[in-house]
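What follows is the residue order along each chain.
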There are 2 protein chains.
Amino acid sequence: MTTIETEVAVVGAGLAGLSAARSLAAAGTDAVVLEARDRVGGRTVNEAIGDGVVVELGGQWVGPGQDRILELIGDLGLETFPTYGTGRSLFERKGKIRSYSGTIPRVNPVALAEVGRALAKINRMASRVDPEAPWKQDELAAWDRISFDTWVRRNLRTGTARDMMRLAIEAVWAAEPEDVSLLHVLFYIRSAGSIELLLDSEGGSQEARVVGGTQLISLRMAASLGGSVRLNTAVRRISHGPEGVTVAAEDLERGAAVELSARKVIVALPPALAGRLDYDPPLPAVRDGLTQRMIQGSVVKTMAIYPEPFWREDGLCGQAASADGPVSVVFDNSPPGGTPGVLLAFLEGAAARRAADLPQDQRRRIVIECLTRLFGHRAADPEGYVDKAWAADEWSRGCYGGFMPTGAWFSHGSALRQPVGSIHWAGAETSSRWAGYMEGAIRSGRRAATEVTAGQAG
Amino acid sequence: MTTIETEVAVVGAGLAGLSAARSLAAAGTDAVVLEARDRVGGRTVNEAIGDGVVVELGGQWVGPGQDRILELIGDLGLETFPTYGTGRSLFERKGKIRSYSGTIPRVNPVALAEVGRALAKINRMASRVDPEAPWKQDELAAWDRISFDTWVRRNLRTGTARDMMRLAIEAVWAAEPEDVSLLHVLFYIRSAGSIELLLDSEGGSQEARVVGGTQLISLRMAASLGGSVRLNTAVRRISHGPEGVTVAAEDLERGAAVELSARKVIVALPPALAGRLDYDPPLPAVRDGLTQRMIQGSVVKTMAIYPEPFWREDGLCGQAASADGPVSVVFDNSPPGGTPGVLLAFLEGAAARRAADLPQDQRRRIVIECLTRLFGHRAADPEGYVDKAWAADEWSRGCYGGFMPTGAWFSHGSALRQPVGSIHWAGAETSSRWAGYMEGAIRSGRRAATEVTAGQAG
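Residues numbered from 1 in each chain as written. Chains lettered and ligands numbered in written order. Predicted model: local features only at pLDDT ≥ 70, side-chain atom pairs only at ≥ 80, totals over all residues.

A closer look at the sheet that holds strand S3 (residues 31-34) of chain B
Residue and element names in this part refer to chain B.
Move 1: Pairing is parallel across the open sheet formed by 5 strands, whose spatial order is S11-S3-S2-S15-S24. Across the chains shown, the open sheet's two edge strands, defined by having one partner strand only, are strand S11 (229-230) and strand S24 (423-425).
Move 2: In the sheet, S3 pairs with S11 via 2 bridges, with the strands oriented parallel. Paired with Val-33 across the two strands is Val-229, which belongs to S11.
Move 3: Strands in contact with helix H1 (residues 15-26) are strand S2 (8-11), S3 and strand S15 (264-267); relative to S3, the strand with the most contacts, it is inclined by about 170 degrees. (Pairing = 2+ DSSP bridges. Helix = DSSP H or I, 4+ residues; strand = E, 2+ residues; numbered from the N terminus. Contact = placed C-beta atoms within 7 Å. Axes fitted to C-alpha atoms, helices over the stretch in contact; angles between N-to-C directions.)

Below you can see the structure in the form of structure tokens.
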């Protein structure tokens with residue numbers, strides 16, 4: 001058995017865990033990061049598609065207001081480039097495809113007006129949420145009792161408008177409107193700023209990309225941490241008490257036990273996965289109950305690779321949304337130089353669930369059929385195809401992140417960040433700013449590091 | 001390391017796991033049952049309160065229509081006795097306590113009429129649910145999209161009626177109406193027969209009790225299985241393939257590894273706990289997603305023990321319901337002879353969550369205060385008090401059982417019983433008849449045993 005001693009154990013080498021370790025290193029506190037996968041980056045991962053070109057199978061965009069990650073990208077010597085957005089977008093519904101400029105498809109004016117009013121109302125409601133502790137705002141309890149679907153059916157009448165709201169929910173939460181509490185949607189929007197910030201490319205959270213892929217952020221952070229990041233090490237149990245913690249893990253390559261002793265531990269996993277570790281003594285009921293309630297979204301991220309971005313010649317920017325599905329949203333995801341041409345297509349929510357357990361070639365067929373419908377016959381025969389079904393990945397079990405069903409924020413939200421003795425919680429879900437985003441992950445890691453070092457001083 | 005070989009491994013020695021093992025034994029198939037606790041019985045457990053008297057801290061009632069368990073009780077040489085029901089019941093709301101005879105409190109006639117209409121409507125809706133596969137009934141999708149709370153607010157207007165529906169949901173699911181999908185409520189009712197069957201004592205699922213306590217059912221089944229039930233053995237990982245399974249467990253007393261090789265495994269745990277085992281290869285996304293969505297209810301079962309059942313002298317049967325809480329429902333739970341007098345008080349849903357992580361003496365104070373309000377000053381000073389906060393128990397993490405939030409039945413219900421290769425699923429939640437009840441647990445174990453032996457023949 002390998003035994004390790006350190007000051008702080010960090011579980012998970014995604015952006016949250018690595019940010020925690022980086023903050024701890026800056027504060028002069030020793031930390032060891034344990035990661036079950038054979039790589040760092042968590043829900044960000046680069047995939048080489050030949051000729052030195054990389055695409056991302058996980059989180060990839062950054063945008064205005066995401067100050068921590070933008071600064072970190074610079075600090076690590078990385079650069080961003082704008083998401084391709086020149087040309088017209090596509091919107092498909094009931095077999096009809098329209099092209100349009102700007103953010104909103106040119107559907108019928110009644111539906112457009114409804115959507116506009118709904119977005120404004122959502123922003124007004126979201127502005128009332130305290131993202132630090134929505135469960136303390138008794139006046140918001142009614143919003144936690146209904147699903148977003150219930151709200152949509154009460155507030156929007158036209159089928160087109162309802163479909164557009166469904167697409168928005170799928171695009172941001174990788175869930176269906178009936179899965180998510182209205183309060184969760186509002187919390188999440190408030191934690192970013194506005195629903196437009198979440199939905200938009202230019203001026204929003206899909207505005208820019210990282211040259212070389214977002215996994216570089218984690219790879220460079222890990223490199224600067226040296227040998228203190230241990231891969232292929234699956235944490236199984238955390239024994240904890242006032243005097244410290246013992247983290248029992250398994251070296252997945254050698255099938256050997258690893259034991260790490262530390263003063264504190266930061267668990268930087270989505271709540272659904274944090275709940276699957278053993279804890280000795282067991283966690284309080286409210287914390288365990290939170291992990292039973294925070295569900296990971298369902299998304300398959302797919303990319304079709306073409307010799308060139310042929311849609312640009314057709315005056316299209318490569319962005320599309322389809323209410324007919326199963327592909328819900330498409331982006332031009334070509335590398336900075338524009339070669340090869342890459343169409344990024346998402347299967348989200350129910351569509352992702354149906355596809356997650358299929359063989360990859362069947363998913364490819366489903367996706368290419370949608371892309372051909374949207375972008376014409378030149379989309380029919382890509383030279384490459386890659387995808388990742390995040391719900392089938394045992395170390396994520398869903399993306400983009402965890403969401404709350406009805407009732408859960410009020411009954412269990414208080415356990416989201418509350419440390420349990422020597423155990424502290426990080427991860428994008430635990431952030432009150434940009435919850436669920438890479439920005440939120442980084443903030444959460446730094447916050448947890450501050451908690452741990454504050455405890456040290458105290 | 002201890003290594004064991006058998007034909008079928010069973011995980012969990014509750015009523016489901018033991019029933020599976022018993023069926024397998026009857027079919028001449030060797031099975032070994034692995035149980036993490038130091039006892040059998042799962043969510044049924046006896047507690048001795050002195051003088052040879054036993055009370056149950058878990059599941060305790062049986063009633064008409066629960067044929068399998070009633071027959072099993074007889075087969076095991078056990079007897080039932082009626083739940084005490086002579087005298088008037090109490091209903092408390094807004095500080096006012098009324099006594100009444102029969103099933104329904106004598107609240108204002110408008111509220112009563114509303115509740116009556118609502119129950120009839122619920123039964124009509126439930127009768128449309130196919131409890132074998134509600135996710136296939138497209139016409140029911142709208143019922144899966146809304147919480148029961150949303151339905152109540154649409155269908156009941158008076159505060160009293162809504163409070164009574166909330167009490168009913170708490171009493172049956174140990175959850176709040178906003179936690180549970182309407183379809184889940186309807187499925188559950190359909191799996192039993194009618195909502196009255198779930199709510200009633202006489203003629204319903206609280207009609208009778210088992211002399212000596214329901215844990216005797218599991219104890220006697222285990223005794224007849226001899227040495228094939230292994231306690232203190234926590235299963236951690238199931239490696240599975242077409243040729244069989246390897247179940248890796250930990251002997252919690254000796255801290256030693258136990259490995260069991262078998263042709264098949266029956267996992268007889270609530271889905272929320274089944275999801276916490278490691279599986280190699282990982283489970284399909286839809287099965288894992290189910291375990292992320294099926295939430296364990298929140299209940300603290302408490303009993304106050306008095307020299308005699310003094311309320312009987314006052315013409316009360318000991319049954320009470322309070323909309324004011326935190327105790328929601330009370331029963332006379334005295335042993336067959338009536339001595340000592342025992343009042344059983346439930347903290348359910350939100351009240352249970354608030355109480356689960358408190359020290360026991362604080363819970364006692366909360367409960368006794370409610371009982372004194374309801375039954376007078378003679379309730380103020382019990383000679384004994386016992387309770388169990390099921391959400392704090394790491395091997396149950398909630399009771400009475402798992403429920404579905406909105407959207408989950410349609411997206412993931414298909415994974416509830418569907419075997420994954422050599423892995424079969426049992427547990428009260430997986431039963432299409434009396435889901436969530438001891439009867440359902442027994443049926444589920446027998447069904448899983450049939451699957452396994454059918455596979456053997458095939």
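Section: the domain arrangement of chain A
Move 1: Along its sequence, chain A is carved into domain 1 (2-42 + 215-283 + 420-457), domain 2 (46-85 + 205-213 + 298-392) and domain 3 (109-199).
Move 2: Counted by class, the side of domain 1 of chain A that touches domain 3 of chain A contains 2 nonpolar, 3 polar and 1 charged residues. (Domains from an automatic or database assignment. Nonpolar A, V, L, I, M, F, W, Y, C, P; charged D, E, K, R; others polar.)

A look at unusual backbone geometry
Move 1: Each neighbour pair has its own omega, and for Thr-339 of chain A with Pro-340 of chain A the value is -5 degrees, a cis peptide bond.
Move 2: Cis rather than trans, the peptide bond between Cys-399 of chain B and Tyr-400 of chain B has omega equal to 0 degrees.
Move 3: Inspection of the secondary structure assignment puts Tyr-400 of chain B in the loop between strand S22 (384-389) and strand S23 (402-403).
Move 4: Look at Asp-51 of chain A: it is not a glycine, yet its phi comes out positive at around 55 degrees.
Move 5: Relative to the helices and strands, Asp-51 of chain A is located in the loop between strand S4 (46-48) and strand S5 (54-56).
Move 6: The exposed category is assigned to Asp-51 of chain A, around which 8 C-beta atoms lie within 10 Å. (Buried ≥ 20, exposed ≤ 12 C-beta atoms within 10 Å, placed from the backbone.)

Observations regarding the packing of H1 of chain B against helix H9 (residues 215-225) of chain B
Two packed helices can be described by the angle between their axes and the distance between those axes.
Residues and elements named next belong to chain B.
Move 1: At a closest axis distance of 10 Å, the pairing of H1 and H9 adopts a crossing angle of 35 degrees. In this structure, H1 meets H9 at a crossing whose hand is left-handed. Contacts from Leu-15, Leu-18, Ala-21, Arg-22 and Ala-25 in H1 reach Ile-217, Ser-218, Met-221, Ala-222 and Leu-225 in H9.
Move 2: Of the residues contributing to the contact of H1 with H9, the split by class is 8 nonpolar, 1 polar and 1 charged. (Left-handed = near helix turned anticlockwise from the far one by under 90°.)

A closer look at the nonpolar core
Move 1: Grouped together as the largest cluster of nonpolar side chains are 302 residues, with contacts concentrated most on Ala-9, Val-10 and Leu-371 of chain A together with Ala-9, Val-10 and Leu-371 of chain B.
Move 2: Sequence-distant contacts of Ala-9 of chain A, that is, excluding residues within four places in its chain, are made with Val-32, Leu-34, Val-245, Val-247, Leu-260, Ala-262 and Val-265 of chain A. (Core = buried A, V, L, I, M, F, W, Y, C linked by C-beta atoms within 7 Å.)

Regarding the relation of the copies chain A and chain B
Move 1: Relative to chain B, chain A is turned by 180 degrees and slid 0.0 Å along the rotation axis, the superposed coordinates differing by an RMSD of 0.0 Å. On this basis, the relationship between the two copies can be described by a two-fold rotation axis. Residues of chain A ranked by C-alpha distance from the rotation axis are headed by Arg-276 of chain A, positioned 2.3 Å from it.
Move 2: Of the residues that chain A buries at the interface, 100% are likewise interface residues in chain B, meaning the two copies contact each other through the same surface. (Least-squares fit on C-alpha atoms with pLDDT ≥ 70 in both.)

With respect to the sheet that holds strand S7 (residues 80-82) of chain B
Residues and elements named next belong to chain B.
Move 1: Taken together, the 3 strands give an open sheet; going across it, the order is S6-S10-S7, and neighbouring strands pair in antiparallel fashion. Each edge of the open sheet is held by one strand with a lone partner, namely strand S6 (61-62) and S7.
Move 2: Here 3 bridges tie S7 to strand S10 (residues 208-210), and the two strands are oriented antiparallel to one another. Its bridge partner lying in S10, Phe-81 is registered against Arg-209.

A word on the interface of chain A and chain B
Move 1: Between chain A and chain B, the residue contacts involve 35 residues of the former and 36 residues of the latter.
Move 2: Contributions of two or more residues to the side of chain A that touches chain B are made by helix H4 (141-145), helix H5 (148-155), helix H11 (285-293), strand S17 (295-296) and helix H13 (350-356) of chain A.
Move 3: Per element, the largest residue contribution to the side of chain A that touches chain B is 6 residues, and it comes from H11 of chain A.
Move 4: A breakdown of the residues in the side of chain A that touches chain B according to their chemical character gives 13 nonpolar, 9 polar and 13 charged.

Considering helix H5 (residues 148-155) of chain B
Move 1: For H5 of chain B, every residue scored as buried is listed here: Phe-148, Asp-149, Thr-150, Trp-151 and Val-152 of chain B.
Move 2: Next to the buried residues of H5 of chain B lie H4 and H5 of chain A together with helix H6 (159-173) and helix H7 (182-192) of chain B.

Overview of the environment of Gly-212 of chain B
Residues and elements named next belong to chain B.
Move 1: Along the chain, Gly-212 falls in the loop between S10 and H9.
Move 2: Under the C-beta neighbour-count criterion, Gly-212 is labelled partly exposed, with 18 such atoms within 10 Å.
Move 3: Residues Gly-212 and Gly-52, spaced 160 residues apart in sequence, show a C-alpha to C-alpha distance of 9.2 Å.
Move 4: Contacts of Gly-212, omitting those with residues within four sequence positions, involve Val-54 and Leu-78.

Concerning the pairing of strand S13 (residues 244-251) of chain B
Within a regular beta strand, the side chains point alternately toward one face of the sheet and then the other, so they alternate between its two faces.
All names here are of chain B.
Move 1: For strand S12 (residues 233-241) and S13, the ladder comprises 8 bridges, and the chain directions are antiparallel. Paired with Ile-238 across the strands is Val-247, a residue of S13.
Move 2: Here S12 folds back onto S13 in antiparallel fashion, the turn holding 2 residues.
Move 3: Pairing analysis gives 7 bridges linking S13 to strand S14 (residues 256-262), with the strands arranged antiparallel. Across the sheet, residue Glu-250 finds its bridge partner in S14, namely Ala-257.

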